[in-house]
Structures are given as C-alpha cells and as structure tokens.
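# An overview of the molecular structure
The chain contents come next:
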Amino acid sequence: MYCDKCNESIGYLCYSTYDRLELKYKCNCGSQGSVIIDFEDSKIGKKCNNELIIIKNRFCCSKDNESLITVLDKKVNSYEMKITYRSCNQTYRREVK
Ligand SMILES: [Zn+2]
Ligand SMILES: [Zn+2]
C-alpha cells in the first residue's frame with residue numbers, strides 16, 4: 001500500500017487472509033488517505049474485542065495467529081483500521097493517534 005501523494009510505502013497486506021479492509025491514515029507527508037478493499041462475496045464479520053497481536057511486524061489474529069497486515073508505524077502519523085479475516089470471520093479494529 002502506498003501513499004497517493006508521496007508514493008512512500010505505508011504498509012503491506014497478506015493478500016489471501018482478509019475479507020474486507022478499511023484503512024484511513026495520515027501519512028508523514030501530511031496527506032490523508034484511505035483504502036477500502038471489499039470482495040463481492042465478503043461476509044459481515046463478527047465483532048471482535050480482542051487486540052490484534054504482533055508477530056514479526058505483522059498484525060495477526062489473536063485466535064489463530066493468522067497474519068494479515070503490516071502498517072509501517074514510522075511512515076504514518078496516525079491510522080484507523082477495521083479488518084475482517086477470511087477464515088475466522090472476526091473483525092478487528094485498531095486506532096493509533
Ligand atoms: Zn505521503
Ligand atoms: Zn482468525
């Protein structure tokens with residue numbers, strides 16, 4: 001994933017493990033961007049109150065350790081994301097200000 005304005009990479013996705021992603025971020029360059037990825041067959045996720053866990057830089061499901069996304073903290077000022085796993089159908093939220 002890249003910032004529209006400065007083209008710096010702000011993170012990486014593990015393509016096969018998510019069902020839906022909403023990410024809003026403010027890049028260090030000052031630009032605000034958002035990413036929404038949804039599939040035609042996406043299901044509505046079950047709300048999950050657990051925090052994502054971090055394994056080797058990647059946010060992972062706290063239930064099955066499945067890896068999902070890396071957000072490069074040093075490249076973004078703040079971000080907010082909502083992401084649903086494909087296999088366990090849990091929706092995690094994370095907000096960093
Ligand atoms: Zn930028
Ligand atoms: Zn899971």
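Before reading further, recall that the structure is shown in the block above.
Described in the following lines is the structure provided in the data block. None of these values were measured; they are calculated from a predicted model.

### As for the pairing of strand β9 (residues 90–96)
Bridge count between strand β4 (residues 46–47) and β9: two bridges; the pairing is parallel. Bridging across to β9, Lys47 finds its partner in Thr91. Direction of pairing for strand β8 (residues 76–85) relative to β9: antiparallel, over a ladder of six bridges. Paired with Lys82 across the two strands is Arg93, which belongs to β9. Counting the residues in the hairpin turn of β8 and β9 gives four residues, including Asn89, whose phi is positive at 65°.

### Focus: the sheet that holds β8
Pairing in this open sheet of five strands is mixed, and the strands run β3-β2-β8-β9-β4 from one edge to the other. What marks the edges here is a single partner per strand, and that holds for β3 (32–38) and β4. Alignment of strand β2 (residues 18–27) against β8, held across nine bridges, turns out to be antiparallel. Residue Leu23 lies in a different strand from β8, and its bridge partner there is Met81.

### Details of the pairing of strand β7 (residues 67–71)
Where strand β1 (residues 11–13) and β7 come together, three bridges link them in antiparallel fashion. Residue pairing in the sheet places Gly11 in a bridge with Val71 of β7. Alignment of strand β6 (residues 58–60) against β7, held across two bridges, turns out to be antiparallel. For Phe59, the partnering residue across the bridge sits in β7 and is Ile69. Linking β6 to β7, which pair antiparallel, is a turn of six residues; within it Asn65 sits at a positive phi near 65°.

### Some points on the environment of Lys46
You can see Lys46 is positioned in strand β4. For Lys46, a count of 11 C-beta atoms within 10 Å translates into the label exposed. Spatially, the C-alpha atom of Lys46 lies 8.8 Å from that of Cys88, the residues being 42 residues apart in sequence.

### Quick notes on the environment of Asn49
Tracing the sequence through the fold places Asn49 in the loop between β4 and β5 (53–55). Take Asn49: there are 7 C-beta atoms within 10 Å of it, and that puts it in the exposed class. Between the C-alpha atom of Asn49 and that of Arg93, which follows or precedes it by 44 residues, the distance is 8.1 Å.

### Some remarks on the sheet that holds β6
With respect to topology, four strands assemble into an open sheet ordered β1-β7-β6-β5, the strand pairing being antiparallel. With one partner strand each, in any of the chains shown, β1 and β5 form the two edges of the open sheet. Averaged over all adjacent pairs, the angle separating strand axes in this sheet is 35°, with direction ignored.

So, how was this worked out
- Position labels on residues start from 1 in each chain and follow its written sequence.
- Just so you know, chain letters begin at A and ligand numbers begin at 1, following the order they were written in.
- Where totals are concerned, whole chains, interfaces and linings use all residues; where local detail is concerned, this predicted model gives features only for residues with pLDDT of at least 70, and gives and counts side-chain atom pairs only at 80 or more.
- A pair of strands is labelled paired if DSSP reports no fewer than 2 bridges between them.
- Numbering goes from the N terminus for both helices and strands, where a helix is a DSSP run of H or I of at least four residues and a strand is a run of E of at least two.
- Here exposure depends only on C-beta density: within 10 Å of a residue's C-beta, 20 or more other C-beta atoms make it buried, 12 or fewer make it exposed, and intermediate numbers make it partly exposed, the C-beta atoms being placed from the backbone.
- Lines fitted to the C-alpha atoms define the axes, with helices restricted to the stretch that makes contact. Angles between their N-to-C directions range from 0 to 180 degrees.

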